[in-house]
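# Descriptive analysis of the structure
As a plain string of letters, each chain reads:
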Amino acid sequence: MADSTAPGQPGFTTITDPALYLDGIPHQRFAAMRATPGLVWHPYEDDGFWAVTRHAEVREVSKTAQVYSSAIGHTNLWDLEADALEARRSLIDTDAPDHTRLRRLVAGSFTPRNVRQWTETVREISAELLDRYLAGGGGDWVEQVAAPLPIRVILAMLGVPGEDADHLVELSNYLVEGTGDRQSIPADAFGNTTELRLLPFNSPASHALFEYAERLGGLRRDHPEDDLVSRLVAAVDDGERLSPNEYRNLFHLLIFAGNETTRTALTHGAMALADHPEQWARVVDGSVSVEVAGEEILRWATPVLHMRRTAAVDTTLAGTDIAAGQKVVMWYASANRDETVFDDPGSFDVGRVDNPHVAFGGGGPHLCLGAFLARLEITVLLEEMVARRMVLRRTGEPVRTRSNFVNGVLSVDFVPEVA
Ligand code: HEM
């Protein structure tokens, strides 16, 4: 067969077509790119990007933020006009010193020590969702367990009332659509009058989230509580620390990042454990800890498929010259299957001990802020499943998200049994 990694050659397929991911991650395609010396230039829209598919180079790009900028352009594949970039800019699309200032405002809430304080909240929500799932005989895992758990936890941290969770899950689903090539809601949905190009993910749902952030911020300004929104609003009022635009973009980012990603890990984890009952048995009988199993779930799921950077200066990576201004895209989905790093990377092994996966990014200043929180949610949910001796039996194929950015699953049905 022709080299399918070479643009212009027979057999070449793009890795950015969102429809490609409706069948799951194209692992063979990525394996061929990893085997190609240097970096592969991949066409995209009128231009293209350097595809970084090997683990070592994903780490190098992530850690060298002064060369590979998150602020020039932004961290998604497509280009933005200057005004759109400024309107949408958030923690994830900034470089130092702005990034350092913004990250400092929120980092304290996500340290292992502070995240651990949420253990009982995570456990109560997990127990409630699992008991209801068992009592109802199962059904769609995403809707009943994987989506509500992370959103309810991040909303609790932000200080958002629980009754708004469903609405915010709905908004988050529309945001993911915006990473694909079609949006199922009209541009004026939710009363939006802003041009879509000025909104994160080109989605009118972002307008609804911004409005929500402002309403809640107003409430907390008048009546501060011990929550993240109150702290952020206080930083806005302080003048220099956070602008009103930064506040609403940060709120938006925390809702999106704290929700869609963990949901995806919990869903792929459940599917993998259902499809590999012998692996789940190792967790249930205690021969593998939930922490070790959780890391394999993260590697296997790779909820965020890629992040983009833009070269700030001329540079060289893996022997390939990169010109200033060119896009460099790190494919975590590929690096997590790098055969030079992971033994038998295509097998799901809950006991994998040497597991330096890059599901949270390859290190450096942008490493996922919510990594400890996501890990807590995964491990507590597993503990509660073990406590119930719950076994999941899959009754259908997953409906996947049409996106080249998140490894999302819209729905998947199981029947739970008690072993
Ligand atoms: C399994 C769940 C999660 C996965 C796989 C994930 C993955 C990622 C990845 C790949 C990045 C980009 C890293 C980089 O560019 O170097 C990131 C950044 C980020 N994540 Fe997560 N994430 C998850 C959960 C969460 C949660 C629960 C939160 C909660 C608030 C969160 C908040 C963020 C934020 C704010 C950033 C931007 C950090 C920065 O630019 O400094 N994530 N995440």
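Parameters and conventions
Residues numbered from 1 in each chain as written. Predicted model: local features only at pLDDT ≥ 70, side-chain atom pairs only at ≥ 80, totals over all residues. Helix = DSSP H or I, 4+ residues; strand = E, 2+ residues; numbered from the N terminus. Expected span 1.5 Å × (residues − 1). Buried ≥ 20, exposed ≤ 12 C-beta atoms within 10 Å, placed from the backbone. Near = placed C-beta within 6 Å. Nonpolar A, V, L, I, M, F, W, Y, C, P; charged D, E, K, R; others polar. Axes fitted to C-alpha atoms, helices over the stretch in contact; angles between N-to-C directions. Parallel < 35°, antiparallel > 145°, perpendicular 65-115°, else oblique. Contact = placed C-beta atoms within 7 Å. Pairing = 2+ DSSP bridges.

In this model, helix α12 (residues 244-257) (14 residues) spans 20 Å end to end at C-alpha, consistent with the 20 Å of a helix rising 1.5 Å per residue. Here α12 lies mainly inside the structure; 12 of its 14 residues are buried. Along α12, the residues that are buried comprise Glu246, Tyr247, Arg248, Asn249, Leu250, Phe251, His252, Leu253, Leu254, Ile255, Phe256 and Ala257.

Near the ligand lie 28 residues; those nearest to it are Gly258, Thr261, Gly361, Cys368 and Gly370. Those elements that place two or more of their residues in the shell around the ligand are α12, α13 (260-275) and α17 (371-387). Classifying every residue of the shell around the ligand by side-chain character gives 19 nonpolar, 8 polar and 1 charged.

Before going further, it helps to examine the packing of α13 against helix α15 (residues 290-301). Where α13 contacts α15, the axes come no closer than 9 Å and their chain directions differ by 100°. Taken as axis vectors, α13 and α15 run roughly perpendicular relative to one another. Taken together, the residues of α15 that come into contact with α13 (itself represented by Thr264, Ala265, His268, Gly269 and Ala272) are Ile297, Leu298, Trp300 and Ala301.

Let us look at the sheet that holds strand β8 (residues 327-331). Strand order in the open sheet formed by 5 strands is β1-β2-β8-β5-β3, and the pairing between neighbours is mixed. Only two strands of the sheet have a single partner each, and these edge strands are β1 (40-44) and β3 (68-69). Taken together, the 5 bridges between strand β5 (residues 306-311) and β8 define a ladder with antiparallel strand orientation. Each bridged residue has a counterpart across the sheet, and for Arg309 the counterpart in β8 is Val328. Here helix α2 (residues 55-63) sits on the sheet and contacts β2 (47-52), β3, β5 and β8; the angle it forms with β8, its principal contact strand, is near 125°.

Interpretation note: all reported values are geometric properties and have no functional meaning in isolation.
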